[in-house]
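Coordinates in review
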Amino acid sequence: MANDKSKVLIVGGGFGGLFTALELGGVGDVTLVNDEDHFLFKPMLYEYLSGEVQAWHVAPDCKELLDRQATFVRGLAESIDLEAHSVRLAGGRILSYDILVFSPGAITNYAGVEGAEQFSLPFRTLNDANHLRRRMTEVLDRIPPDAAPQDTREALTFVVVGGGASGVELSTKMADLLRDAVKRRALRGEPRVVIVEMADRLVPGMGEEIRKFVDGALEETRVEVHTNTRVARLGANSITLAHNDRQTEMTTSGVVWVAGVRPSPLLDTLKIERDRRGLILVEPTLQLRGRAEVFALGDIAFYPDVVPTLAGTAQLAFQQSHLCAQNVRAFIEGRELKSKHFAELGEAVSLGTEHAAVLTGGKVIGGPLARQARFALYTARLPTWHHRLRVGASWFFEGTSPRPLQPLGF
Ligand SMILES: Cc1cc2nc3c(=O)[nH]c(=O)nc-3n(C[C@H](O)[C@H](O)[C@H](O)COP(=O)(O)OP(=O)(O)OC[C@H]3O[C@@H](n4cnc5c(N)ncnc54)[C@H](O)[C@@H]3O)c2cc1C
């Protein structure tokens, strides 16, 4: 049994880690380590890209959120010593723990595709979104006002690799943003946004009803869909696609890679049981097998009792954080630990800058109303009441219109 002065060290300030820290509400001596100074509500990174929301809405400061409930340490955890109960940060600082909560999330998986890591843009952080927005603006700025329509189209060819929800949300957002910029700058022609997916359909885990809105949005935003297509390689300004044993090279101004994730490389410093995707096998209590004082959750953990479509989602990490906090508390107080069945909380996809589709309570709605519903739904999921109220008020009074891709220097 631990005690109420137990040192609880949480590695990772995302959906799993931050919400566990908040939920613990001062039980134990809690320290949260995160490599960024902010939490990121990743499901709204698309709206951050389009300027519908601002950084402070979706990426609030960890210290402010935690207030006095936990000590915040900004640092990159480099290795974990399970025997010595310590975590080593970049720069050499060592933090010791009685209880470790481990939730460093996932990173982009380039699956060994030639040139992918070097030449594509990832889309997981505020900085990634800033880079992509800047790239789109720079390309627009280079198009002469009298460019022929086909030259505009060629210059504005962007490819999104990965046809999951991320690929759909990102490509429709980019297509709307670029089309709006073309119109504002009175350019002739159209942007070309392409989505590439290896499987025979996009968003395979999504229900048929919500899929109708997805298909409609892809058509309306004129996103070009290439299914059954593999990326053979990437160059500085090109992508080679393989379809039916034929390879085609396409010139692009940017490729965004959202085709998959793999667990944080921090896991490689641990000698523990992992499944074939590299996920940590946890007990139904979220404890590491054979290590009662270590809890793992979110994108790095394989939890047995979960519907497959929930794997690797914020929904799951968020639900697990409640169980994790409850069990850390029980562990400290010497009570029995619990397990839980996690269920789908609904689905909400952003579709361009004006539309969305939301599945909630068994019903699907689409269009501008669904976009509002998505904002409302996500306001309720943001961390802390205080932050929710500030963001809700800001969205209500100041609006959530996209910020156009203005020429740089404006
Ligand atoms: C663009 C995008 C959109 C998404 N949209 C949705 C959606 O609509 N619905 C949904 O359910 N899921 C969505 N997801 C997935 C969801 O965000 C993740 O499943 C969820 O964030 C997992 O929570 P986590 O706590 O495991 O990891 P994260 O939330 O990623 O948190 C991990 C934290 O640990 C930090 N960290 C990593 N390594 C270290 C280290 N070595 N040292 C210190 N800190 C470290 C990271 O910076 C991060 O703050 C989306 C993901 C992305 C990228």
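Structure shown above.
These remarks concern the structure in this document.

Scoring rules and cut-offs
- Residues numbered from 1 in each chain as written.
- Predicted model: local features only at pLDDT ≥ 70, side-chain atom pairs only at ≥ 80, totals over all residues.
- Heavy atoms only, no water.
- Salt bridge = Lys/Arg side-chain N within 4 Å of Asp/Glu carboxyl O.
- Helix = DSSP H or I, 4+ residues; strand = E, 2+ residues; numbered from the N terminus.
- Buried < 20%, exposed > 50% of the residue type's maximum accessible area, 1.4 Å probe, protein only.
- Axes fitted to C-alpha atoms, helices over the stretch in contact; angles between N-to-C directions.
- Parallel < 35°, antiparallel > 145°, perpendicular 65-115°, else oblique.
- Left-handed = near helix turned anticlockwise from the far one by under 90°.
- Contact = heavy atoms within 4.5 Å.
- Nonpolar A, V, L, I, M, F, W, Y, C, P; charged D, E, K, R; others polar.
- Near = heavy atom within 4 Å.
- Polar contact = N/O pair within 3.5 Å; in protein donor to acceptor, adjacent residues only side chain to side chain.
- Areas by Shrake-Rupley, 256 points an atom, 1.4 Å probe, with all protein chains shown as cover.

Let us now look at the pattern of salt bridges. In this structure the tally under the stated criterion is 20 salt bridges. The residue Glu224 makes a salt bridge to Arg192 at a minimum N-O spacing of 2.8 Å. Taken together, the residues Glu224 in strand β12 (residues 224-226) and Arg192 in strand β11 (residues 192-196) connect sequence positions 32 residues apart. Its relative accessible area of 22% is what places Glu224 among the partly exposed residues. Looking at Arg192, the relative accessible area reads 19%, which means it is buried. Taking the shortest distance from any N to any O, the salt bridge between Arg335 and Glu333 comes out at 2.8 Å. Residue classification places Arg335 among the partly exposed positions, given a relative accessible area of 42%.

Let us now look at the packing of helix α11 (residues 368-381) against helix α12 (residues 385-398). As a packed pair, α11 and α12 sit with axes 9 Å apart at the nearest point and diverge in direction by 160°. Judged by the inter-axis angle, α11 sits roughly antiparallel to α12. For the pair α11 and α12, the crossing hand works out as right-handed. Judged by residue contacts, Phe375, Thr379 and Ala380 of α11 engage Arg388, Gly392 and Trp395 from α12. Here the residues of the contact of α11 with α12 are counted per class, giving three nonpolar, two polar and one charged.

What follows covers the site of the ligand. Near the ligand there are 27 residues, and of these Gly16, Asn34, Asp35, Lys42 and Asp299 occur at the shortest range. Between an oxygen atom of the ligand and a side-chain N or O atom of Ser103, the distance comes to 3.1 Å. The contact in question runs from an oxygen atom of the ligand to an N or O atom on the backbone of Thr313, over 3.4 Å. Relative to its unbound accessible area of 990 Å², the ligand is 88% covered by the protein chains.

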